[in-house]
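Report on the structure
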Amino acid sequence: MEKSYIWTLATRVFHWLLALFILLSFITSDIDDFLNYHVIVGYAVLILIFYRIVWGIIGPKFSQFKDFPLSKKNVKEFLSNMFNSEQKYVGHNPMASYVMISMFLIIFLIILTGAIAFGIEEGKGIFSSFKTGILGKNELFEDIHEILSNLLIVLIVAHLSGVLFDKIFHKKHETLKSIFSGYKKTKYLESVELNIFQKIVATTFLILFITFLIYSFINPENILLG
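Since this is a predicted model, take the numbers as computed values, not measurements. (Residues numbered from 1 in each chain as written. Predicted model: local features only at pLDDT ≥ 70, side-chain atom pairs only at ≥ 80, totals over all residues. Heavy atoms only, no water.)

This part covers the pairing of strand S2 (residues 183-186). Side chains Lys-184 and Thr-186 of S2 all project onto a buried face; the interleaved residues Tyr-183 and Lys-185 project onto a face where none is buried. Bridge analysis of strand S1 (residues 2-5) against S2 gives 4 bridges, and the strand direction is antiparallel. Bridging across to S2, Glu-2 finds its partner in Thr-186. (Buried < 20%, exposed > 50% of the residue type's maximum accessible area, 1.4 Å probe, protein only. Helix = DSSP H or I, 4+ residues; strand = E, 2+ residues; numbered from the N terminus. Pairing = 2+ DSSP bridges.)

What follows is the structure, given as structure tokens:
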């Protein structure tokens, strides 16, 4: 088997930043004194999701959405051969692709409903006007926000279960290890590398992400929090 560079540094940094900030969002969710931090974390996650959408269009081969095998044929084929040690999917398999897309959609809705609930209950953020509108004192969006958050936990468990399954039944491909190193064992050499445009886009988003965090902590009365 060949050792192929599948996940570039830009993809891996996104993955671990998203995992870290989702964890932070749950840690800060039930502590009133951390509400502003919870909101900052939420918008930081939104930047990461927006980056991943862009990356799914202009990124390297295995990070692109068009590489996701989403057809019914691919799903049936994968399910019927999922215990086979030989796997044809170098990047995301069909089930992992559906879980990932579902996670992105749910995360976006969590952030949206959270921002609306923040406006209704606290009179802050971009939806602050909702506090005095017809939605004032309405807990609907907070309830939806919580339901979606629980659904995200289910998807995270599904994702981790898939990684564990791959570790047990497709061990030789070293999928889990590739999340750290970027390298995966493949039948043929499938390595990717970033071009200058992709490097510029990834660097720009990282700078935007860091700048947002610094600005939000320095200026807590900005439009998103005040």
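This part takes up a nonpolar patch on the surface. Taken together, the side chains of Leu-9, Val-13, Leu-206, Ile-210, Ile-214 and Ile-218 make up a nonpolar region of the molecular surface, amounting to roughly 540 Å² of accessible area. When residues of the nonpolar patch are traced back to their parent elements, those giving at least two are helix H1 (9-27) and helix H7 (196-218). In terms of residue count, H7 provides more of the nonpolar patch than any other element does, 4 residues in total. Along the chain, the position of Leu-206 falls in helix H7. Looking at Leu-206, the relative accessible area reads 38%, which means it is partly exposed. (Patch = residues over 30% accessible without salt bridge, like charges linked within 9 Å, V, L, I, M, F, W, Y side chains within 5 Å. Areas by Shrake-Rupley, 256 points an atom, 1.4 Å probe, with all protein chains shown as cover. Salt bridge = Lys/Arg side-chain N within 4 Å of Asp/Glu carboxyl O.)

Here we take up the environment of Lys-199. Looking at the element boundaries, Lys-199 is found in helix H7. For Lys-199, a relative accessible area of 45% gives the class partly exposed. Between the C-alpha atom of Lys-199 and that of Leu-9, which follows or precedes it by 190 residues, the distance is 10.0 Å.

Moving on, we get to the side chain of Ser-25. Inspection of the secondary structure assignment puts Ser-25 in helix H1. Apart from residues no more than four positions distant in its own chain, Ser-25 is found in contact with His-38 and Val-41. (Contact = heavy atoms within 4.5 Å.)

A few words on the environment of Gly-125. Within the element layout of this structure, Gly-125 appears in the loop between helix H4 (94-122) and helix H5 (140-169). Placed 97 residues apart in sequence, Gly-125 and Asn-222 show a C-alpha to C-alpha distance of 8.1 Å. Setting aside chain neighbours within four positions, we find Gly-125 in contact with Phe-118, Ile-223, Leu-224, Leu-225 and Gly-226.

Another point: the pattern of salt bridges. Under the criterion given, the structure shown has 1 salt bridge. We note a salt bridge from Glu-174 to Lys-185, for which the minimum N-O separation is 3.6 Å. With Glu-174 in the loop between H5 and helix H6 (175-181) and Lys-185 in strand S2, the pair connects residues that are 11 residues apart, well separated along the chain.

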